[in-house]
Number of protein chains: 2
Amino acid sequence: MKNLVLTPGPVPVPRFVMLEMAKPIIHHRTEEFEEIFYTTTEGLKRIFQTKEEVLILASSGTGAMEAAVSNTLSKGDKALVINSGKFGERWLKICKAFGVEAIEISVEWGHAVDPIEVEKSLSENKDIKAILIQASETSTGVKHPIKEIAAMTRERDDVILIVDGISAVAVFPIEFDNWGIDILIGGSQKAFMLPPGLAFLVLSKKAWEFSKKSNLPKFYFDLEVALKNNLKKTSPWTPAITLVIGLNAVLNYFNDIGLDELYRKHSIMSEATREGFRSIGLEPFAFNNPSTALSAIMSPNNIDAGTIVKKLREQYGIIVAGGQDQAKGKIFRITHMGDVNKGDILVVIDAVENILEDIGFEFEKGLAVRTATEIFK
Amino acid sequence: MKNLVLTPGPVPVPRFVMLEMAKPIIHHRTEEFEEIFYTTTEGLKRIFQTKEEVLILASSGTGAMEAAVSNTLSKGDKALVINSGKFGERWLKICKAFGVEAIEISVEWGHAVDPIEVEKSLSENKDIKAILIQASETSTGVKHPIKEIAAMTRERDDVILIVDGISAVAVFPIEFDNWGIDILIGGSQKAFMLPPGLAFLVLSKKAWEFSKKSNLPKFYFDLEVALKNNLKKTSPWTPAITLVIGLNAVLNYFNDIGLDELYRKHSIMSEATREGFRSIGLEPFAFNNPSTALSAIMSPNNIDAGTIVKKLREQYGIIVAGGQDQAKGKIFRITHMGDVNKGDILVVIDAVENILEDIGFEFEKGLAVRTATEIFK
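Note on numbering: residues in each chain are counted from 1, in written sequence order. The naming scheme follows written order: chains are lettered A onward, ligands numbered 1 onward. Only residues with pLDDT of at least 70 get local features here, since the model is predicted, and only at 80 or more are side-chain atom pairs given and counted; chain-wide, interface and lining totals rely on the full set of residues. Each side-chain value is worked out from all heavy atoms of the structure, with water and hydrogens disregarded.

Engineer: Hey, could you go over the overall build of chain A for me, with residue numbers and the actual values?
Structural biologist: Each helix is a run of H or I in the DSSP string that is no shorter than four residues. Each strand is a run of E no shorter than two, and both are numbered from the N terminus. Each helix and strand in chain A was counted, giving 14 helices and 14 strands. Radius of gyration means the value over C-alpha atoms here, while the globule rule gives 2.2 Å times the residue count to the 0.38 power. The C-alpha radius of gyration of chain A comes to 21 Å, within 12% of the 21 Å expected for a compact globule of 377 residues. Overall, chain A is about 60 × 55 × 30 Å in size when its C-alpha atoms are taken along their principal axes. Whether two residues touch is decided by their heavy atoms; if any such pair falls within 4.5 Å, the residues are in contact. For chain A, contacts bridging at least 24 residues in sequence account for 72% of all contacts bridging at least 6. Under the convention used here, a 1.4 Å probe and the Shrake-Rupley method define accessible areas, while residue burial counts only the protein chains that appear. Accessible area for chain A stands at about 14,000 Å²; split by element, carbon and sulfur atoms hold 48% of it. A residue counts as positive if it is Lys or Arg and as negative if it is Asp or Glu; His and the chain ends are not included. To locate a charge, take atom NZ for lysine, CZ for arginine, CG for aspartate or CD for glutamate. Of the side chains in chain A, 43 bear a positive and 49 a negative charge, and the two mean positions are spaced by 3 Å.

Engineer: Tell me what's going on with the pairing of strand β2 (residues 54-57) of chain B, and back it up with residues and numbers.
Structural biologist: All names here are of chain B. The cut-offs for exposure are 20% and 50% of the maximum accessible area for each residue type, with area from a 1.4 Å probe on protein chains only; residues under the lower value are buried, those over the upper are exposed, and the others partly exposed. Neither face of β2 is left uncovered, since the one carrying Val54 and Ile56 and the one carrying Leu55 and Leu57 both have all their residues buried. At least two DSSP bridges between two strands are required for those strands to pair. With four bridges connecting them, β2 and strand β10 (residues 199-203) associate as antiparallel partners. The partner of Val54 across the bridge, within β10, is Val202.

Engineer: Explain the interface of chain B and chain A to me, and be specific about the residues and the numbers.
Structural biologist: Each partner contributes residues to the interface: chain B has 45 residues there, and chain A has 45 residues. Accessible surface is computed with a 1.4 Å probe, and the buried area is the amount of it that two parts give up when combined, taken over both parts together. On the chain B side of the interface with chain A, the three residues burying the most area are B:Ile25, B:Phe219 and B:Tyr220, jointly 19% of the side's total. When a carboxyl oxygen of Asp or Glu lies within 4 Å of a side-chain nitrogen of Lys or Arg, that pair is called a salt bridge. Summed over the shared surface of chain B and chain A, the number is zero salt bridges. Pairs of N or O atoms are called polar contacts if they sit within 3.5 Å, as long as, within protein, a hydrogen donor faces a hydrogen acceptor (for residues adjacent in sequence, only side-chain-to-side-chain pairs). On inspection of chain B and its partner chain A, the count reaches eight residue pairs in polar contact (both at pLDDT 80 or more). In terms of residues, the side of chain B that touches chain A owes the most to one element, helix α4 (residues 86-97) of chain B, which gives four residues. When residues are sorted by character, Ala, Val, Leu, Ile, Met, Phe, Trp, Tyr, Cys and Pro go into the nonpolar class, Asp, Glu, Lys and Arg into the charged class, and all the rest, Gly among them, into the polar class. Its residues assigned to classes, the side of chain B that touches chain A shows 26 nonpolar, 13 polar and six charged.

Engineer: Residues and numbers for the domain arrangement of chain A, please.
Structural biologist: Residues and elements named next belong to chain A. Those domain boundaries reflect an automatic or database domain assignment. Per the domain assignment, the segments making up chain A are domain 1 (4-9 + 258-376) and domain 2 (16-256). Look at where the C-alpha atoms of domain 1 and domain 2 centre, and you get two points 28 Å apart. Taken together, the 27 residues of domain 1 in the interface contact 30 residues of domain 2. Roughly 2,300 Å² of surface becomes buried between domain 1 and domain 2 when both sides are summed, with 59% attributable to carbon and sulfur atoms. Here domain 1 is connected to domain 2 by one salt bridge. With its nearest N and O atoms 3.1 Å apart, the salt bridge here joins Lys86 to Asp325. Where domain 1 packs against domain 2, one counts 11 residue pairs in polar contact (both at pLDDT 80 or more). Among the elements of the structure, α11 (259-279), β11 (294-298) and β14 (331-335) are those that each provide at least two residues to the side of domain 1 that touches domain 2. Considering each element in turn, the side of domain 1 that touches domain 2 owes the most residues, four residues, to α11. For the side of domain 1 that touches domain 2, the per-class residue count stands at 14 nonpolar, 10 polar and three charged.

Engineer: Give me the lowdown on the pattern of salt bridges, citing residues and values where you can.
Structural biologist: Two side chains bearing opposite charge may form a pair once their charged atoms approach each other closely. All names here are of chain A. Here the structure, examined in full by the defined rule, presents 36 salt bridges over all chains. Here Glu283 and Arg278 are joined by a salt bridge, their closest N and O atoms 3.0 Å apart. Within the structure, one salt-bridge network assembled from shared partners comprises Glu42, Lys45 and Glu53.

Engineer: I'd like to hear about helix α14 (residues 367-376) of chain A, residue by residue, with values.
Structural biologist: Residue and element names in this part refer to chain A. Counting buried positions along α14 yields seven of 10 residues, so the element is predominantly enclosed. All buried positions along α14 are accounted for by Leu367, Ala368, Val369, Thr371, Ala372, Ile375 and Phe376. Where α14 is buried, its residues meet α11 and α13 (342-359).

Engineer: Can you explain the relation of the copies chain B and chain A? Please cite residues and give values.
Structural biologist: In this comparison the copies share one frame, found by least squares on the C-alpha atoms of residues holding pLDDT of at least 70 in both. When chain B is fitted onto chain A, the two copies agree to an RMSD of 0.0 Å after a turn of 180° and an axial shift of 0.0 Å. Such a combination of turn and shift is consistent with a two-fold rotation axis. Scanning chain B for the C-alpha nearest the rotation axis identifies B:Ser59, at a separation of 2.5 Å.

Engineer: How would you summarise the packing of aromatic side chains if you had to cite specific residues and measurements?
Structural biologist: Centres within 6.5 Å make a pair out of two Phe, Tyr or Trp rings, where for Trp the six-membered ring is used; the pair is then stacked when the planes are under 30 degrees apart, edge-to-face when over 60, and tilted otherwise. Taken as a whole and assessed by the stated rule, the structure comprises 21 aromatic pairs over all chains. With a centroid separation of 4.8 Å and an interplanar angle of 65°, the aromatic rings of A:Phe192 and A:Phe200 are classed as edge-to-face. Assigned by exposure class, A:Phe192 and A:Phe200 land together as buried. Aromatic side chains B:Tyr220 and B:Phe221 sit 5.0 Å apart centroid to centroid with 70° between the ring planes, which places their arrangement in the edge-to-face category. A relative accessible area of 5% means that B:Tyr220 is categorised as buried. With relative accessibility at 2%, the residue B:Phe221 sits in the buried group. An aromatic cluster is defined as three or more aromatic residues linked by ring pairs; in this entry it consists of A:Phe16, A:Phe192, A:Phe200, A:Tyr253 and A:Phe254. Across from the ring centre of A:Phe210, 5.7 Å away, lies the NZ or CZ of A:Lys213, which sits over that ring. Charge over a ring is defined by NZ of Lys or CZ of Arg lying within 6 Å of the ring centre and within 35 degrees of the ring normal.

Engineer: Give a description of the sheet that holds strand β10 (residues 199-203) of chain A that names residues and reports values.
Structural biologist: Across a sheet, paired strands are connected by hydrogen bonds in the backbone, their directions being either parallel or antiparallel. Residue and element names in this part refer to chain A. Strand order in the open sheet formed by seven strands is β2-β10-β9-β8-β5-β3-β4, and the pairing between neighbours is mixed. The open sheet has two free edges, formed respectively by β2 (54-57) and β4 (101-106), since each of these has just one partner strand. Adjacent strand axes in the sheet meet at a mean angle of 20° when their direction is disregarded. When strand β3 (residues 78-83) meets strand β5 (residues 128-134), the two strands line up parallel, connected through four bridges. Within the sheet, the bridge partner assigned to Leu80 lies in β5 and is Ile131. Packing of helix α2 (residues 31-48) onto the sheet brings it into contact with β2, β9 (183-187) and β10, and relative to β2 it is tilted by some 120°. Each of β3, β4, β5, β8 (160-164) and β9 touches helix α4 (residues 86-97); the most contacted strand, β3, lies at about 160° to it. Lines fitted to the C-alpha atoms define the axes, with helices restricted to the stretch that makes contact. Angles between their N-to-C directions range from 0 to 180 degrees.

Engineer: Go over the environment of A:Ser188, please, and point to the residues and values.
Structural biologist: Residue and element names in this part refer to chain A. Residue position: Ser188 is located in the loop between β9 and β10. Take Ser188: its relative accessible area is 0%, and that puts it in the buried class. The spatial distance from the C-alpha of Ser188 to the C-alpha of Val244 is 9.5 Å, given a sequence separation of 56 residues. What Ser188 contacts, discounting residues up to four positions off in sequence, is Met193, Leu194, Pro195, Pro196, Gly197, Leu198 and Phe200. Within the structure, the side chain of Ser188 is placed 2.8 Å from the backbone oxygen of Pro195, a separation counted as a polar contact.

Engineer: Which residues make up the sheet that holds strand β13 (residues 321-322) of chain A, and what values do they have?
Structural biologist: In space, the three strands of this open sheet follow the order β11-β14-β13 (chain A), with antiparallel pairing throughout. Single-partner strands in this sheet number two, and they are β11 and β13 of chain A.

Engineer: Any chance you could break down the nonpolar core for me, citing the residues and the numbers?
Structural biologist: Judged by nonpolar contacts, the single largest core of 204 residues is most densely connected at A:Phe192 and B:Phe192. Those residues in contact with A:Phe192 that sit more than four places away from it in its chain are A:Leu44, A:Ile47, A:Phe48, A:Val169, A:Ala170, A:Gly187, A:Phe200, A:Leu247, A:Val250, A:Leu251 and A:Phe254. What is meant by a nonpolar core is a set of buried Ala, Val, Leu, Ile, Met, Phe, Trp, Tyr and Cys residues, joined one to another through side-chain atoms within 4.5 Å.

Engineer: Which residues make up the packing of helix α5 (residues 115-124) of chain B against helix α6 (residues 146-153) of chain B, and what values go with them?
Structural biologist: Two measures define how a pair of helices packs: the angle their axes make with one another and the distance between the axes. All names here are of chain B. Contact geometry for α5 and α6: axes closest at 10 Å, N-to-C directions at 20°. Relative to α6, α5 is oriented roughly parallel. The handedness of the crossing between α5 and α6 comes out as right-handed. Of the residues in α6, those touching α5 at Pro115, Val118, Glu119 and Leu122 are Glu148, Ile149 and Met152. Taken together, the residues of the contact of α5 with α6 break down into five nonpolar, no polar and two charged. Here is the rule for angles: anything less than 35 degrees is roughly parallel, anything more than 145 is roughly antiparallel, 65 through 115 is roughly perpendicular, and the remaining ranges are oblique. Each crossing is labelled by how the near helix is turned from the far one, with a counterclockwise turn of less than a right angle marking it left-handed and a clockwise turn marking it right-handed.

Engineer: How would you sum up unusual backbone geometry? Please name residues and give values.
Structural biologist: All names here are of chain A. In this chain, Gly9 is followed by Pro10 through a cis amide linkage whose omega measures 0°. If you trace the backbone, Pro10 turns up in the loop between β1 (4-5) and α1 (15-21). In the Ramachandran plot, Met193 falls in the positive-phi region, its phi being about 45° despite a non-glycine side chain. Positionally, Met193 belongs in the loop between β9 and β10. Phi is positive for Asp325, close to 50°, though the residue is something other than glycine. Inspection of the secondary structure assignment puts Asp325 in the loop between β13 and β14. Given a relative accessible area of 43%, Asp325 falls into the partly exposed group.

What follows is the structure, given as structure tokens:
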């Protein structure tokens, strides 16, 4: 049966990318692959808006999150963790695993961190070595104020800003060099609209200085080794060849349409989804700063969001994500990343309207679709 | 241009597997994927010949090598490393990165380790916690005597045997449970004939006991977390979905043909290649115990093996691997793993014969192909 996958990672992969990856395998220690690898890392530099080398890891995004910590910090170092959801929590767990002392700013789910809180914490804890944050928290659909926080860390020689941009890079503008971010992480199965299996990250000169002092053990994720190989158009270990080839195709496509157009696509889909549902009384979970990577929509009072997710799957063949942990049953989440278009958004809004009608929720039927259509126009 | 890829990793991927992976993406937190994940791990148990859980990592094989060390040993522990090539060296580097003290048995490249040497080292160093070895050293084409060494470690409660079987699992019989191996590692881009990006490993009950005492930091490669998720038919981080789907297709194929037939295929191709080249005076690099995963063939005196590799690529569109480090220029390496058949072996032997003739090497033209053909018959 044909399904419409609208989850915020993995996201639908364009047909031309799937077929590019289905071509006969090539060997990675060849000029042919090195050329692809080089073109790809150069393309990533444009997306990451940096002159620094962007590294490609054969792992999920979590591997790159670990690498960011294990390559720049040392045992007993203090890190400020902005925790506003499932992926903020992951920073805490990584710190714990590596003996890094986490100072936590716990932000209510659905809210963005207040930069003043960050400034306060930095002032109170002079020995903080790194800030760990998400640019877009996928579990809540919220964007954090990265530019404002980067303005604080770039003034300080002794603190680096590590940004999990897995649901943010290529979604909306993040200017790595200009803003002064120190590490920025991306993942293949999000806006890069590839299958999962690749992670990307870039380090600032300051972060590379930190890496010289870091004493945490690393091997597979040793970024200095990765950098040396990157400069030779290769990776230290066998790369995930087919995914890199797919990435090359995606980056060529991004080049053709332009970054602004890509950002705009996410932005308009996000607005249409949010305003569509809002028009019938379903508010976004993001209290402020909604991310354009996905829309996390709250189900109406007394209706389990899990029911909506289930009925979408069973009755309409539409796969969206539910809420995780404390957001379970409260929200459903729809991607704007990947090979999804305006029509897909209208289809899922229409299906949710039908489900709400069946359940007996009172609203003006058709208004959400109409609102979204108007925004698309 | 159509190329014939005959490198010992990546190996040619069957067309039906590539197309299976090119199907529309599915989400990993669904019953549909969980069923595939479960079938796949059950299939891996048959290949690894074990009742224990086989874990699937989104990484290259090196990630699983690191995981084996970081999950079972502690800082300052002693490990006996059998180093007979490029991948033996990798064990030394991993130990160094994690503060594990390596006691090295350095074996001449092209030779298998003598089990007596291992026994001697174990007796002399009572505090050795683990033996790190390759089942098949891809850089030299040599098999190590795993069964014999496992017989030593299974008698000892305080030593585990960690086997890099990346070029061995699904190539020739390795009985994980029966022999008493403690960790066995596989990789997708070898006999599993997939693109690179997945690693597999299994731990014995003894190895899981070791993991409880291990104090090395790990997060992405935390195997206890992976095990818990495996039992719930999932992985802790986003799995490399398309590769797992490809793996499922490969395991179904293995089921159809049977493991013995798979082993026999590698074995006969290996014999035909070795004896073919030997008949015209080109000896295998493997002095003893040749692996059936690949043939590493020494080029005749005064002929740079790199020339043969280059001419194969440029004149015949055949991609084989050269030698690495100290074997550079001395050998060329041909895979028997992956979607390659007897005809491919005849084609590469014939091409090498032509190249040798052009270079002026004296031999009975056609004899190598004829010898291989006879063995295939």
